[in-house]
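In case you want the letters, here they are:
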Amino acid sequence: MPKANSQLSDAEKKAKKQLKAELKYQRKVQKLETRIQHAISRNDPMVEQSARIELDELLRNNDILHDQRHQERACNDEQCGESMKLVRDIFHRLLSEWDNQDQSFGKAEQNKRAKDLLQHMTKGTQALTMFQDVTALRGYTRQKFYSRAGLIVESLGKLSPEQSSLSNQKNVIDACWKKLEKINRVCSIGCGPGCDAVGLLAFLRGYVPNHNVNSSSMHFVLLDYAIEEWKDAVLDDLEPILTQSFASLVTCEHCDVTTPLLEKHVHLTDIFLVSYLLTETRDKWDAYFIELVDKAKEGAVFYFAEPLPWQLHRLIRMSAPESDPSPLQKLRFAWIDSSMNYPELQELDGRAGGPAILLAIKV
């Protein structure tokens, strides 16, 4: 348990104050970077330029972080740019498919209906009937697809040797990076509109040049509780884009992480992608993921993204050596969000203006 302020020494109080200031500063940086990403996805150069100017001014006022960001971009811009261009291309092709279809409701109505769905998903009060509205699911996709796919690119890009050299989690990160170079089978759990799968595909294209992503051996398994609804709204349009342009095999199946594991071929999967699912199914996913890790092969990688880290902290506690014996104890973890190079921030209940991202590998 964290100490109360009254129990802290003067040095500890000063360090805590500095951490809070750094966290606040990083939130501002993350907010502007997100604004830039959204502006690019909307082809809005005026907002992009304004945000870039504001970000550069903010970074100049913090020399240490400015140098760190400059170094990251020097290593990262070309790779990240190529990956994000692919995300944009796929996203715009998906939107074009909808524009060519006879739709009763346009973009504004899609976004309006998606808002109600998102509120329930945030609270964990969603029901299957809420996913039976194609208009709402397409609005959700308009709002979340680009940023969620981009989050995969941004997060996994930090694993490259140029980016991870200073991390205290380097052994786990290096092991995950080596596995990413040989990925063939991908499983997205709680896949929604398929943004995580597209983000991983784009990441491999930009960051792993030796990875044969044009090979038909790439197999994406998309799992969701409302898979039929997502297929009707989005995935039936996304699947031919992935299969025809990238020779990838796509399989869509139902899953429910609040019940025991039923999925086949888990032992063949190279990486599992899990985004915003543990929070939505809070405290109901234990049995499913314990069995998933148990059946996964040695060397399998797990990517978790959540709006806040509390459920990820719970996962780590469940895997601790002093806890009851569990397959989860075979996992080794690394934070790859804003706390990646700041061990003192990794146990906090918040992150700097972005979601919590946790990577794991089974040993």
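Data block above holds the structure.
Visitor: Quick question: what am I supposed to make of the overall build of the protein chain here?
Guide: A tally of helices and strands in the protein chain yields 11 helices and 7 strands. Put simply, the protein chain has 363 residues, and 50% of those count as buried. Summarising the internal contacts of the protein chain: among those between residues at least 6 apart in sequence, 78% fall at separations of at least 24. Split by element, the accessible area of the protein chain, about 17,800 Å² in all, is 50% carbon and sulfur.

Visitor: I would appreciate a short explanation of the nonpolar core in the present structure.
Guide: Most often, soluble globular proteins keep nonpolar side chains buried together rather than apart. If you look at the biggest cluster of nonpolar residues, it comprises 75 residues, and the most contacted ones within it are I90, L156, L159, L200, F203 and Y303. Listed in part, the 31 residues of the second largest apolar core include L277, A300, F302 and W335.

Visitor: Can you help me understand the sheet that holds strand β4 (residues 271–275) in this one?
Guide: Picture the strands of a sheet paired through backbone hydrogen bonds; they go either parallel or antiparallel. Here 7 strands make up an open sheet; going across it, the order is β3-β2-β1-β4-β5-β7-β6 and the pairing mixed. Each having just a single partner strand, β3 (249–254) and β6 (331–335) make up the two edges of the open sheet. Looking at each pair of strands side by side, their axes are set apart by 20° on average, direction ignored. For β4 and strand β5 (residues 301–306), the ladder comprises 5 bridges, and the chain directions are parallel. Looking across to β5, one finds that F272 is bridged to F302. The sheet contacts of helix α7 (residues 170–180) involve β4, β5, β6 and β7 (356–362), and relative to β7 the element is tilted by about 75°.

Visitor: I would appreciate a short explanation of the pattern of salt bridges in the present structure.
Guide: Side-chain pairs of opposite charge can arise whenever the charged atoms involved come near each other. For the structure shown, the criterion picks out 11 salt bridges. R35 is the partner of E54 in a salt bridge, and the nearest nitrogen-oxygen pair spans 3.5 Å. Here E54 is found in helix α2 (residues 45–60), whereas its partner R35 is found in helix α1 (residues 10–41), with 19 residues between them in sequence. On the accessibility criterion, E54 (41% relative accessible area) is partly exposed. The partly exposed category is assigned to R35, whose relative accessible area is 31%. D283 is the salt-bridge partner of R314, the closest N and O atoms lying 3.4 Å from each other. Remark: D283 occurs in the loop between β4 and α10 (286–295) and R314 occurs in helix α11 (residues 310–318); sequence separation between them is 31 residues. Look at D283 and you get partly exposed, because its relative accessible area is 49%. By sharing partners, the salt bridges in this structure join D283, D286 and R314 into a single network.

Visitor: When you look at the pairing of β6 in this model, what are you seeing that I'm missing?
Guide: The side chains of a regular strand alternate, first on one face of the sheet and then on the other. By the criterion of burial, β6 is predominantly enclosed, with 4 of the 5 residues buried. Here β6 pairs with β7 via 5 bridges, running antiparallel. Note on β7: the bridge partner recorded for F333 is A360.

Visitor: Please explain the packing of aromatic side chains as it appears in this structure.
Guide: When we look at a pair of aromatic rings, we describe it by the centre distance and by the angle of the planes. Tallying each qualifying case throughout the model produces 11 aromatic pairs. Plain terms: the ring middles of F272 and F302 are 4.9 Å apart, the flat faces sit at 15° to each other, and that makes the pair stacked. Of this pair, F272 sits in strand β4 while F302 sits in strand β5; the two residues are 30 residues apart in sequence, bridging distant segments of the chain. The interplanar angle of 5° and the centroid separation of 6.4 Å between the aromatic rings of F302 and F304 together place this pair among those described as stacked. With a relative accessible area of 1%, F302 lands in the buried category. What makes F304 buried here is its relative accessible area of 3%.

What counts as what
- Residues numbered from 1 in each chain as written.
- Predicted model: local features only at pLDDT ≥ 70, side-chain atom pairs only at ≥ 80, totals over all residues.
- Heavy atoms only, no water.
- Helix = DSSP H or I, 4+ residues; strand = E, 2+ residues; numbered from the N terminus.
- Buried < 20%, exposed > 50% of the residue type's maximum accessible area, 1.4 Å probe, protein only.
- Contact = heavy atoms within 4.5 Å.
- Areas by Shrake-Rupley, 256 points an atom, 1.4 Å probe, with all protein chains shown as cover.
- Core = buried A, V, L, I, M, F, W, Y, C linked by side-chain atoms within 4.5 Å.
- Pairing = 2+ DSSP bridges.
- Axes fitted to C-alpha atoms, helices over the stretch in contact; angles between N-to-C directions.
- Salt bridge = Lys/Arg side-chain N within 4 Å of Asp/Glu carboxyl O.
- Phe/Tyr/Trp six-rings, centres within 6.5 Å; stacked < 30°, edge-to-face > 60°.

That's the geometry; what it means functionally is another story.
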